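# Architecture and fold: a report
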Amino acid sequence: MGEDSLLVVSGPKHKYLRGLLAPAFSPESVASYTPQIVQLVERHLADWAAAGDEGVKALDALKLLTFEFIVQVSV
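In this report, the structure presented in the accompanying data block is examined.

To continue, consider the pattern of salt bridges. For the structure shown, the criterion picks out two salt bridges. With its nearest N and O atoms 2.6 Å apart, the salt bridge here joins Lys 13 to Asp 4. Classification of Lys 13 as partly exposed rests on a relative accessible area of 39%. Measuring nitrogen to oxygen at the nearest pair gives 2.4 Å for the salt bridge that ties Glu 68 to Arg 43. Note that Glu 68 is positioned in helix 4 (residues 58-74) and Arg 43 in helix 3 (residues 34-50), a separation of 25 residues in sequence. You can call Arg 43 partly exposed: its relative accessible area is 38%.

Running from N to C, helix 3 and helix 4 point in directions that differ by 155°, and their axes come no closer than 11 Å. One way to sum up the angle between helix 3 and helix 4 is to call them roughly antiparallel. Seen from above, helix 3 lies across helix 4 with right-handed handedness. Judged by residue contacts, Gln 36, Ile 37, Leu 40, Val 41, Arg 43, His 44 and Trp 48 of helix 3 engage Ala 61, Leu 62, Leu 64, Leu 65, Glu 68, Phe 69 and Gln 72 from helix 4.

Here the largest pocket is characterised by a volume of approximately 180 Å³. In terms of lining residues, the largest pocket is bounded by Ala 24, Phe 25, Tyr 33, Phe 69, Ile 70, Val 73 and Ser 74. When the residues that make up the lining of the largest pocket are grouped by side-chain class, the tally is six nonpolar, one polar and no charged.

Another aspect to go through is a nonpolar patch on the surface. Residues Tyr 16, Leu 20, Leu 21, Phe 25 and Val 30 make up a contiguous nonpolar surface patch of roughly 540 Å² in combined accessible area. With respect to the helices, strands and loops of the structure, Tyr 16 is situated in helix 1 (residues 11-21).

Positionally, His 44 belongs in helix 3. Using a relative accessible area of 3% as the deciding quantity, one classes His 44 as buried. Other than its neighbours up to four places away in sequence, His 44 contacts Ala 61, Leu 64, Leu 65 and Glu 68.

About the thresholds
- Residues numbered from 1 in each chain as written.
- Predicted model: local features only at pLDDT ≥ 70, side-chain atom pairs only at ≥ 80, totals over all residues.
- Heavy atoms only, no water.
- Salt bridge = Lys/Arg side-chain N within 4 Å of Asp/Glu carboxyl O.
- Buried < 20%, exposed > 50% of the residue type's maximum accessible area, 1.4 Å probe, protein only.
- Helix = DSSP H or I, 4+ residues; strand = E, 2+ residues; numbered from the N terminus.
- Axes fitted to C-alpha atoms, helices over the stretch in contact; angles between N-to-C directions.
- Parallel < 35°, antiparallel > 145°, perpendicular 65-115°, else oblique.
- Left-handed = near helix turned anticlockwise from the far one by under 90°.
- Contact = heavy atoms within 4.5 Å.
- 1 Å grid on protein atoms, 1.4 Å probe; cavity = no way out; pocket = protein on both sides within 12 Å on 5 of 7 lines; lining within 4 Å.
- Points joined across faces, edges and corners; volume = space filled by probe spheres on them.
- Nonpolar A, V, L, I, M, F, W, Y, C, P; charged D, E, K, R; others polar.
- Patch = residues over 30% accessible without salt bridge, like charges linked within 9 Å, V, L, I, M, F, W, Y side chains within 5 Å.
- Areas by Shrake-Rupley, 256 points an atom, 1.4 Å probe, with all protein chains shown as cover.

By themselves these figures say nothing about function.
Put into structure tokens, the structure is as follows:
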């Protein structure tokens, strides 16, 4: 985040930053993420199922899933 975040800038700077990110969100790019997403979600579902009676803290589990997704897709 920060003062140069796409979420807080406007005008030409916003347009420039949006242009830098746009290729990562094209239909082709998003479709290419599907196998990684499926594999990641299946692994997390298996971990959650294996937790059994101990259960899963949903917020923590979803934060970890989201973090891993961002790292896999962006790196």
